[in-house]
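# Chains, contacts and geometry: an overview
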Amino acid sequence: EIANMALPAAVGRRVCTNFFKSFLFGSNVLKSPPACTANGRLYSTASDNVLVSKDEKTGIATVRMNNPPVNSLNGSLLVKLRTCFEELDKNTNCRALILTSQKPNVFSAGLELTEIYPKSPDHVAPFWEKLQDMWLQLYGSRLVTVAAINGHSIAGGYLLALSCDYRIMAEGNFTIGLNETQLNIVNPFFLQQMMVDTIGYRQAEMSMMMGALYPPDRALQLGLVDKLSPMEEIQTVAEEETKKWLQIPDQARVITKMSSRKPLLDE
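These remarks concern the structure in this document. (Residues numbered from 1 in each chain as written. Predicted model: local features only at pLDDT ≥ 70, side-chain atom pairs only at ≥ 80, totals over all residues. Heavy atoms only, no water.)

### Quick look at the sheet that holds strand E7 (residues 151-154)
Here is the rule we go by: Should DSSP find at least two bridges between two strands, the strands are regarded as paired. The numbering of helices and of strands both runs from the N terminus, where a helix is a DSSP run of H or I of at least 4 residues and a strand a run of E of at least 2.
Judged by pairing direction, the sheet is mixed, and its 4 strands sit side by side in the order E5-E7-E9-E10 without closing on themselves. The sheet is open, and its two edges are formed by strand E5 (105-108) and strand E10 (213-214), each paired on a single side.

Printed below as a string of structure tokens:
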């Protein structure tokens, strides 16, 4: 029953209109589904840019982005991520997912800018729809979702992390945040609201208007992430934290999660 609480893709198409409008197209800037395997082996999609492994004993799946060099979110990767999240959400033996990067030092550098600049509205609108469908699937997932941020997490890369229930960032010379305004891009309404919900109105407002990026220690202080970890231990730390979340009964956790996120998901 819990598995059936995933949001229908149609919601993403409804919200997409607002997202597209919020991007301000008139600004100067804009001139085969995977499934959990029975033996938990590592496997990949056809293009190898999303790798998934699953621990059958714990029910924890690890999703690794593998789109070199910086895990840019192009249309293909967005569709594969959405499909992956959807398949895991439907799998009743899967209780949690850890989202991370196959390439240490870069979690994700954000959207592939060649998908939006310079492109026509006919091209950009479907791209935004793919982004929002992916976001709806991750943010509205019944699963415990943990971001193991093993490198830079910028703009759309931080959107992925922000959509998760818990965020762990690697210590080191990395940056994280929403720098869209520095590129003359407006954050979509749902990303703005998630930021406000996470670090509070004033800090979110300043951060997004300035397009600020932060080092790990400052990100932890602000609440952009929940915990720091040495790079070499981040997967282990993520698994340990996920197991703590799994000690909570699924039904109570999922109902609480959905009730708190429903207003934004339905907007």
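Let us keep going from here.
### Topic: the pattern of salt bridges
In plain terms, the rule: Within this document, salt bridges are pairs made up of a side-chain nitrogen of Lys or Arg and a carboxyl oxygen of Asp or Glu, the two lying within 4 Å of each other. Working definition: with a 1.4 Å probe on protein chains only, accessible area under 20% of the residue-type maximum means buried, over 50% means exposed, and in between means partly exposed.
Across all of its chains, the model carries 11 salt bridges by this definition. Here Lys244 and Glu241 are joined by a salt bridge, their closest N and O atoms 3.4 Å apart. In this pair, Lys244 and Glu241 are both assigned in helix H8 (residues 234-245), 3 residues apart and thus about one turn of the helix distant. Judged by relative accessible area, Glu241 falls into the buried class, the value being 7%. Members of the salt-bridge network, linked through shared partners, are Arg82, Glu86 and Lys90.

### What about a negative patch on the surface?
So the rule is basically this: Patch members must show over 30% relative accessible area and no salt bridge, and they are joined within 9 Å when carrying like charges or within 5 Å when they are nonpolar side chains of Val, Leu, Ile, Met, Phe, Trp or Tyr. Only the protein chains shown count as cover for residues, and the accessible areas themselves come from Shrake-Rupley with a 1.4 Å probe. Just so you know, the count uses Lys and Arg for positive and Asp and Glu for negative, and it drops His and the chain ends. To locate a charge, the coordinates of NZ of Lys, CZ of Arg, CG of Asp or CD of Glu are taken.
Together, Asp55, Glu171, Glu232, Glu233, Glu239 and Glu240 make up a negatively charged patch on the protein surface. Counting through the fold element by element, Asp55 comes out in strand E2 (residues 50-55). Since its relative accessible area comes to 37%, Asp55 is described here as partly exposed.

### What to know about the packing of helix H3 (residues 121-139) against helix H5 (residues 189-199)
Basically, it comes down to this: To obtain an axis, a line is fitted to C-alpha atoms, over the contacting stretch when the element is a helix, and the angle between two such axes runs from 0 to 180 degrees between their N-to-C directions. When checking whether two residues touch, look at their non-hydrogen atoms; a contact exists if any pair is within 4.5 Å. Any residue outside Ala, Val, Leu, Ile, Met, Phe, Trp, Tyr, Cys, Pro, Asp, Glu, Lys and Arg is labelled polar, Gly included; the first ten of those are nonpolar and the last four are charged.
Close contact between H3 and H5 brings their axes to 12 Å; oriented N to C, the two are set at 30°. Taking contact as the criterion, the partners of Gln132, Trp135 and Tyr139 in H3 are, on H5, Phe189, Phe190 and Met194. Here the contact of H3 with H5 is built from residues that sort into 5 nonpolar, 1 polar and no charged.

### So, the layout of surface pockets
For clarity, the cut-off: Think of a 1 Å grid over the protein atoms and nothing else: a 1.4 Å probe that fits but is trapped marks a cavity, an open set flanked by protein within 12 Å on at least five of seven lines marks a pocket, and residues with an atom within 4 Å of a point count as lining. Grid points are joined across faces, edges and corners, and a volume is the space filled by probe spheres set on the points.
When its volume is computed, the largest pocket comes out at roughly 270 Å³. In terms of lining, the largest pocket is formed by 13 residues, of which the most central are Tyr139, Cys164, Thr198, Ser260 and Arg261. If you list the elements that add at least two residues to the lining of the largest pocket, you get H5 and helix H9 (250-266). The dominant element in the lining of the largest pocket, judged by the number of residues it contributes, is H9, at 4 residues.

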